[in-house]
Amino acid sequence: MRKEFATALSRIIQGEEPDKASLIILLSARPGEEEEALYREADNFRARYVGEEVHLRGVIEFSNHCRRLCHYCGLRADNRRLRRYRMEKEEILKSARMAVELGYGTVVLQSGEDTWYSAEMLAELVATIKGMGLAVTLCVGERSREEYALWREAGADRYLLKHETANPRLYHRLHPGMSWEERITCLQWLRELGYQVGSGNIVGLPGQTLEDLADDLLLLRKLRVEMAGIGPFIPHPDTPLGSYPAGSLELTYRVLAVARLVLPWAHLPATTAVGTLSPNGRQLALQRGANVVMPNLTPRKYRGDYQIYPGKICVNEEPADCRYCLEGMIHSLGRRIGRGPGHALRPLTEN
Ligand code: SAM
Ligand code: SF4
Ligand code: FES
């Protein structure tokens with residue numbers, strides 16, 4: 001093991017404020033001893049700070065319409081090959097009831113940026129789902145502060161808005177017509193409104209460097225996020241980035257493991273994207289810092305059309321299949337399924 005690696009790791013474990021140079025050293029952990037030590041410490045932190053429970057957040061992908069043009073995403077407005085759908089209110093509620101039946105404490109309402117659903121419609125949905133005893137996470141992109149406030153008043157607990165990359169230049173290149181600064185402003189509004197805030201980044205975007213990834217981690221820490229979604233880039237053939245290689249799975253694990261060390265209390269999902277790149281991807285992520293899994297609750301007839309990237313897992317499964325699959329996975333790791341809503345444990349004032 002390189003001396004500088006051992007030093008960077010032991011400083012972070014002792015709770016020193018992370019600096020960019022040490023994060024870059026940790027992110028460049030070499031296969032073998034260095035990676036093993038990093039993963040071991042991330043798993044220790046996970047056990048110490050968030051425990052043995054793995055929280056299940058059922059995701060309802062209720063619309064694949066999107067007004068944006070993100071260069072990596074198959075839902076982008078310009079993708080004419082995608083069959084578009086919108087779930088009716090009753091269908092969404094039926095999926096939420098399925099979450100109750102399957103014992104999930106949270107539903108995540110996720111969609112493209114689809115303003116067909118008015119703020120009032122979504123507020124009503126949130127309130128009805130809250131009435132079922134579930135926690136609600138919204139993941140519907142950028143909206144006004146007033147809309148975020150309305151949903152919060154309706155009972156929404158959490159909001160997931162990934163910053164995608166902390167490098168504003170890279171962000172602007174990949175998100176035509178969008179602004180990095182506005183994205184960060186949205187995250188600040190969500191925090192002010194009392195949401196548990198989730199953000200996160202994509203690993204392996206074309207043109208991204210280790211420095212950018214270190215900045216992602218520093219930004220997540222600065223934003224004091226309660227949750228961070230960290231997943232690899234997967235190319236979609238019908239997008240401008242279709243011919244670029246996928247992000248490296250090993251690098252994604254390293255970013256996840258370092259994220260656990262810099263955000264010890266955060267909820268970190270074993271993402272569907274790591275499960276898509278490797279059959280045991282989510283198991284490994286759960287052993288390298290992750291403590292959340294997000295099973296799909298979208299009705300089967302729509303699943304194949306929520307194609308943010310190709311080859312997404314669980315497209316042919318029913319919600320109950322995923323429930324039992326995950327139970328087996330979690331128990332095989334010696335862990336247990338989280339009970340209740342699985343809110344963040346960390347007091348808001350703490351770092
Ligand atoms: N439209 C909302 C938004 O962008 O915040 C929420 C839904 S969007 C599909 C959820 C996430 O999918 C994005 O935050 C992005 O990180 C991820 N994503 C989209 N395309 C991807 C790709 N090709 N590879 C990896 N992640 C991707
Ligand atoms: Fe739309 Fe979200 Fe995909 Fe961007 S990442 S195109 S906002 S669904
Ligand atoms: Fe869907 Fe395993 S989680 S089949």
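Use the structure listed above.
Model, not experiment: these values are computed from the prediction. The written sequence of each chain sets the order in which its residues are numbered from 1. Chain labels run from A onward and ligand labels from 1 onward, assigned in the order the entries are written. Local features in this predicted model are restricted to residues of pLDDT 70 or higher, and side-chain atom pairs are both shown and tallied only at a pLDDT of 80 or more, whereas totals for entire chains, interfaces and linings draw on every residue. Based on all heavy atoms of the structure, the side-chain values leave hydrogens and waters out of the count.

## Observations regarding the packing of aromatic side chains
Phase 1: Note on aromatic contacts: the rings of Phe and Tyr and the six-membered ring of Trp form a pair at centre separations within 6.5 Å, being stacked when their planes are under 30 degrees apart, edge-to-face when over 60 apart, and tilted otherwise. According to the stated counting rule, one finds 10 aromatic pairs in the structure shown.
Phase 2: Note on F62 and Y117: the rings are 4.8 Å apart at their centroids and 85 degrees apart in plane angle, and the pair reads as edge-to-face. On the criterion of sequence distance, the pair formed by F62 in strand β1 (residues 53–63) and Y117 in the loop between β2 (106–111) and α5 (119–130) is long-range, its members being 55 residues apart. Across the pair, Y117 and F62 agree in class, each one buried.
Phase 3: Seen from their ring centres, Y148 and Y159 are 4.9 Å apart, and the 65 degrees between their planes marks the pair as edge-to-face. Residue Y148 is found in helix α6 (residues 145–153), and its partner Y159 is found in strand β4 (residues 158–160); the two are separated by 11 residues along the sequence. Each member of the pair, Y148 together with Y159, is buried.
Phase 4: The structure contains a cluster of three or more aromatic residues connected by ring pairs, namely Y148, W151, Y159, W189 and Y195.
Phase 5: Charge over a ring is defined by NZ of Lys or CZ of Arg lying within 6 Å of the ring centre and within 35 degrees of the ring normal. The positively charged end of R152 is found above the aromatic ring belonging to Y195, 5.7 Å away from the centroid. Note on conventions: DSSP H or I runs of at least 4 residues are helices, E runs of at least 2 residues are strands, and numbering of each starts at the N terminus. The buried label goes to any residue with under 20% of its type's maximum accessible area, the exposed label to any with over 50%, and the partly exposed label to all in between, with areas taken from a 1.4 Å probe on protein chains only.

## Considering the side chain of D216
Phase 1: Mapped onto the elements of the fold, D216 is located in helix α9 (residues 210–222).
Phase 2: K162 provides the closest opposite charge to the buried, unpaired D216, separated from it by 9.9 Å.
Phase 3: By definition, residues are in contact when any of their heavy atoms lie within 4.5 Å. In this view, D216 contacts H163, T165, A166, N201 and Q208; residues no more than four positions away in its chain are not counted. His is not counted, nor are the chain ends; Lys and Arg add positive charge and Asp and Glu add negative charge. The salt bridge criterion pairs a side-chain nitrogen of Lys or Arg with a carboxyl oxygen of Asp or Glu, the two atoms within 4 Å.

## Notes on the pairing of β2
Phase 1: Taking burial as the measure, the six residues of β2 include six buried ones, the bulk of the element.
Phase 2: Neither face of β2 is exposed, since T106, V108 and Q110 on one face and V107, L109 and S111 on the opposite face are all buried.
Phase 3: Only strands joined by at least two bridges in the DSSP assignment are considered to pair. Pairing analysis gives six bridges linking β1 to β2, with the strands arranged parallel. Looking across to β2, one finds that V59 is bridged to V108.
Phase 4: Handedness of a crossover is defined as follows: with both strands directed away from the viewer, a clockwise route from the first strand across the helix to the second makes it right-handed. Of the crossover connections in this fold, the one passing from β1 over helix α4 (residues 89–102) to the parallel β2 is right-handed.
Phase 5: Across five bridges, β2 lies against strand β3 (residues 135–139) in parallel orientation. The partner of Q110 across the bridge, within β3, is C139.
Phase 6: Of the crossover connections in this fold, the one passing from β2 over α5 to the parallel β3 is right-handed.

## A few points about the site of ligand 2
Phase 1: We define proximity as follows: a residue is near a molecule or strand when any one of its heavy atoms falls within 4 Å of that partner. As a structural note, the neighbourhood of ligand 2 is formed by C66, R68, C70, Y72, C73, L75, R76 and G112.
Phase 2: Within this scheme a cavity is a closed region of a 1 Å grid, computed over the protein atoms alone, that accommodates a 1.4 Å probe without allowing it to escape, whereas a pocket is open but has protein on both sides within 12 Å along at least five of seven lines; lining residues each have an atom within 4 Å of a point. Here the criterion for a molecule occupying a pocket or cavity is that more than half of its atoms lie within 2 Å of the pocket grid points. Here ligand 2 occupies the largest cavity.
Phase 3: All residues other than Ala, Val, Leu, Ile, Met, Phe, Trp, Tyr, Cys, Pro, Asp, Glu, Lys and Arg, Gly among them, are scored as polar; the first ten of these are nonpolar and the last four charged. Here the residues of the shell around ligand 2 sort into five nonpolar, one polar and two charged.

## Notes on the pairing of β1
Phase 1: Among the 11 residues that make up β1, 10 are buried, leaving the element largely enclosed by the rest of the structure.
Phase 2: Note: β1 against strand β8 (residues 336–337), two bridges, orientation parallel. Each bridged residue has a counterpart across the sheet, and for V54 the counterpart in β8 is I337.
Phase 3: Taken together, the two bridges between β1 and strand β7 (residues 292–293) define a ladder with parallel strand orientation. In the sheet register, L56 faces β7, and the bridge partner there is V293.

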